[in-house]
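Examining the three-dimensional arrangement
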Amino acid sequence: MATTTAQNNLKNQLFVGSFIHSKKLNQLEYLHGASVCVDKNGKIVAVDTQCAGDVKKAAATLYPTLGEGWSEGEVVVQVAKEGQFFFPGFIDTHIHASQYPNVGIFGSSTLLDWLNTYTFPLEASLAEPAKARKVYTRVVRKTLSHGTTCAAYYATKDVASTNLLADLCLAAGQRALVGRVCMDTPLSPEYYRDESPAQSIAATRASIAHIARIDPAMALVRPVITPRFAPSCSIPLMQALGALAAETDLPIQTHISENKNEIALVRELFPVAATGAADDSYTAVYDAFGLLSSRTILAHAVHLSEAEADLIALRGAKVSHCPCSNSAITSGAARVRWLLDKGVCCGLGTDVSGGYSPSVLEAARLAALVSRHVAMGGDEAAKLTVEEVLFLATRGGAEVVGLEDKVGGFEVGKEWDAQLIGLGSVGEDGAVEDGDEDGNVDVFGWESWEERVAKWVYNGDDRNTRKVWVRGRLVHERK
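Because the structure is a prediction, the values reported are computed rather than measured. (Residues numbered from 1 in each chain as written. Predicted model: local features only at pLDDT ≥ 70, side-chain atom pairs only at ≥ 80, totals over all residues. Heavy atoms only, no water.)

1. What about the sheet that holds strand β13 (residues 296–300)?
Strand pairing in a sheet takes place through backbone hydrogen bonds and is either antiparallel or parallel in direction. What the four strands build is an open sheet, ordered β12-β13-β14-β15; its pairing is parallel. Whereas interior strands pair on both sides, the edge strands pair on one side only; in this sheet they are β12 (252–256) and β15 (346–348). Averaged over all pairs of adjacent strands, the angle between strand axes in this sheet comes to 30°, irrespective of strand direction. Relative to β15, strand β14 (residues 318–321) runs parallel, the two being bridged by three bridges. (Pairing = 2+ DSSP bridges. Helix = DSSP H or I, 4+ residues; strand = E, 2+ residues; numbered from the N terminus. Axes fitted to C-alpha atoms, helices over the stretch in contact; angles between N-to-C directions.)

2. Re helix α10 (residues 306–315)
Those residues of α10 not exposed but buried are Glu308, Ala309, Leu311 and Ile312. Along α10, the residues classed as buried sweep out an arc of 160° about the axis, all on the same side. Across from the buried face of α10, at angles greater than 90 degrees, the exposed residues are Ala307 and Leu314. Elements that come into contact with the buried residues of α10 comprise α9 (282–288), β13 and α12 (336–341). Positive backbone phi, approximately 75°, marks Gly316, located one or two places after α10. (Buried < 20%, exposed > 50% of the residue type's maximum accessible area, 1.4 Å probe, protein only. Arc of directions from axis to C-beta. Contact = heavy atoms within 4.5 Å.)

3. Let's talk about the side chain of Thr394
Its place among the elements puts Thr394 in helix α14 (residues 386–400). For Thr394, a relative accessible area of 0% corresponds to the buried category. Setting aside its immediate chain neighbours within four residues, Thr394 contacts Ser22, Phe87, Pro88, Gly89, Phe90, Ile91 and Gly408.

4. Concerning the side chain of Lys467
Within the secondary structure, Lys467 is located in strand β19 (residues 465–470). Since its relative accessible area comes to 18%, Lys467 is described here as buried. Polar side-chain contacts of Lys467 include one of 2.8 Å to the side chain of Gln78. Lys467 has contacts with Gln78, Ala418, Gln419, Leu420, Leu474, His476 and Glu477, leaving out every residue within four places of it along the chain. (Polar contact = N/O pair within 3.5 Å; in protein donor to acceptor, adjacent residues only side chain to side chain.)

5. Details of the domain arrangement of the protein
Domain annotation of the protein identifies domain 1 (13–88 + 409–477) and domain 2 (90–400). Inter-centroid distance (C-alpha atoms) of domain 1 to domain 2 is 31 Å. Taken together, the contact pairs 35 residues of domain 1 with 27 residues of domain 2. Counting each side, the surface lost to burial between domain 1 and domain 2 is near 2,600 Å², with a carbon and sulfur contribution of 61%. On the domain 1 side of the contact with domain 2, Leu25, Val457 and Tyr458 bury the most area, a combined 27% of that side's loss. The closest approach of N and O atoms between Asp417 and Arg175, which form a salt bridge, is 2.5 Å. (Domains from an automatic or database assignment. Buried area = accessible area lost by both parts, 1.4 Å probe. Salt bridge = Lys/Arg side-chain N within 4 Å of Asp/Glu carboxyl O.)

See below:
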């Protein structure tokens, strides 16, 4: 099952049409009538903006500069229709694959009650292989259909279940960070927790080894060290996980400062006298155990203090903003602008199933709306624009998961992780024109491109995601 250099016998490819991607936090770049050449390894090798969408002209201009395998008849050509555009693949920086069947099911509970009522029983049940395969197959297909080309997944504490998720991501062609969940304290029910710190580390090593076997170069799938969250891990387990992170240089993912009761519990469970931390804050606990580094992904970060945000920035740790779940289970409204201004890198997470949708586009629009709630509290500068939430969904997310050199934009040298977006063009009779899907986004023809993108962000869904590629491989096509 190991990946090959040229995946699935890929051919060189030429993409022609409109390309839109983030240049920086508050700026989208629009390249109309452009051409992008992607080699058989899935890497962008040429970008041309002078051929005005003319395939023959693009071929005549670009092919001679690229060498063997670049001639008419050898190259697969994909032309975006009028009104369609290529956009970088979305990156989900925080999603619990094992919780997908529970999307939309959270009642009126808050975090700790929700875990015991809904989450732990479902996750534990995925030790049954057929059930795990059913759930994971669906969540990988569903996220790809929404344009998610890379996801940072939490699996379960079960090694076989975690390994299966990694196998399925690789087979589907989706980039993934896959983490076996570590948890050994009575906060988790006895039927669903690690027997000891030593057993937890041994099981984590087993999943790391499995992923190294199936994707030795970690071209698509990488293991990620995953303490569920501080209260679910004993001090000896936190120490051992910090040592494992130092030994392996692998990424780390966990939760932080999601809920006020959770924060109080951290103070109770991790007194400074026991941890040697600089103070009794949630962030200082992770730092004390070597789990706060430039490879760390911290989900939520809703109730951080000034000192905590400064420490996160100092260590280069990243934040996954999860506006859907923070709203659904009433955790609070994260101050993303405040974090960005402090130099903290942020991306977006769907946080299924605290979040009710596996769509990063949904997370982007909710990030915009949650920022407006923060603004209504008195911080007018907190509002995030369409351009900014799309940055978080792509380039920001790429940096959060450590792939900023590979994905997130359409520059030469990056890999072709992309989606083809189609919006509904309304004809003179008020009906959507032939060939366009009758979705939620209606384009009447007089909108600017900036307005079309805004309509997509606020109204779009998977019906607009016509095709999805990862490393040049077509991994989803809407029929």
